[in-house]
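Listed below are the residues making up each chain.
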Amino acid sequence: MFIIIPVFILLCCCTKGGNISQVTQTIENSSIYTEQDIKNAMNVVTDYFKNAENLQYCTLTELYYNEAISSDTSEVLAEQYEAEEGIILISSFDVGAENKHSGLDANRTYNNFKWILVRSNGGAWTLETWGY
């Protein structure tokens, strides 16, 4: 019993980001990006989500690409961030009661939460901003 408690406490203290274990990822057909391009952008978002301290006690439940939403503003976003391409991913996530210092409302589900990423020369996606 003495071994279990310290290990449990250590595991709790080391968790610094959000939970991505329940996320459903949906990729619509795209005439702009390959499926792998979109998966790579999604990986950037999920990596950020699971490592961001301000998302601790949050659970990402849905992450998706919608061509109509993304293509309407992707060119403008690319220009804004001085890149060649921009993509918008949409998510839903739940905020737990324990999340009190992130600027997010505790015990709330955020829907249509946007993640804006850019890239140039077919390189890696960079997460630039997020929100509504």
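As the structure is a computational prediction, the values presented were derived from the model and not from experiment.

## Notes on the confidence of the model for the chain
Part 1 of the reasoning: With 89% of its residues at a pLDDT of at least 70, the chain reaches an overall mean of 88.
Part 2 of the reasoning: Throughout residues 1–13 the model reports pLDDT below 50, and contacts reaching past four residues in sequence, or to other chains, amount to zero contacts.

## Some details on the side chain of Ser-70
Part 1 of the reasoning: Residue position: Ser-70 is located in helix α3 (residues 67–80).
Part 2 of the reasoning: When residues no more than four places from it in sequence are discounted, the contact partners of Ser-70 are Tyr-65, Gly-86, Ile-87 and Ile-88.

## Focus: the side chain of Arg-119
Part 1 of the reasoning: Mapped onto the secondary structure, Arg-119 falls in strand β4 (residues 108–119).
Part 2 of the reasoning: A polar atom in the side chain of Arg-119 sits 2.7 Å from the side chain of Glu-85.
Part 3 of the reasoning: Among residues more than four places away in sequence, those in contact with Arg-119 are Tyr-33, Asp-37, Ala-83, Glu-84, Glu-85, Ala-124 and Trp-125.

## Brief notes about the environment of Phe-49
Part 1 of the reasoning: The residue Phe-49 is located in helix α2 (residues 35–51) in this model.
Part 2 of the reasoning: Residues Phe-49 and Asn-19, 30 residues apart in the sequence, show an inter-C-alpha distance of 7.5 Å.
Part 3 of the reasoning: Excluding residues that lie within four positions of it along the chain, Phe-49 makes contacts with Gly-17, Gly-18, Asn-19, Ile-20, Leu-55, Cys-58, Thr-59, Leu-60, Phe-93 and Trp-115.

About the criteria used
- Residues numbered from 1 in each chain as written.
- Predicted model: local features only at pLDDT ≥ 70, side-chain atom pairs only at ≥ 80, totals over all residues.
- Heavy atoms only, no water.
- pLDDT = per-residue confidence, 0-100.
- Contact = heavy atoms within 4.5 Å.
- Helix = DSSP H or I, 4+ residues; strand = E, 2+ residues; numbered from the N terminus.
- Polar contact = N/O pair within 3.5 Å; in protein donor to acceptor, adjacent residues only side chain to side chain.

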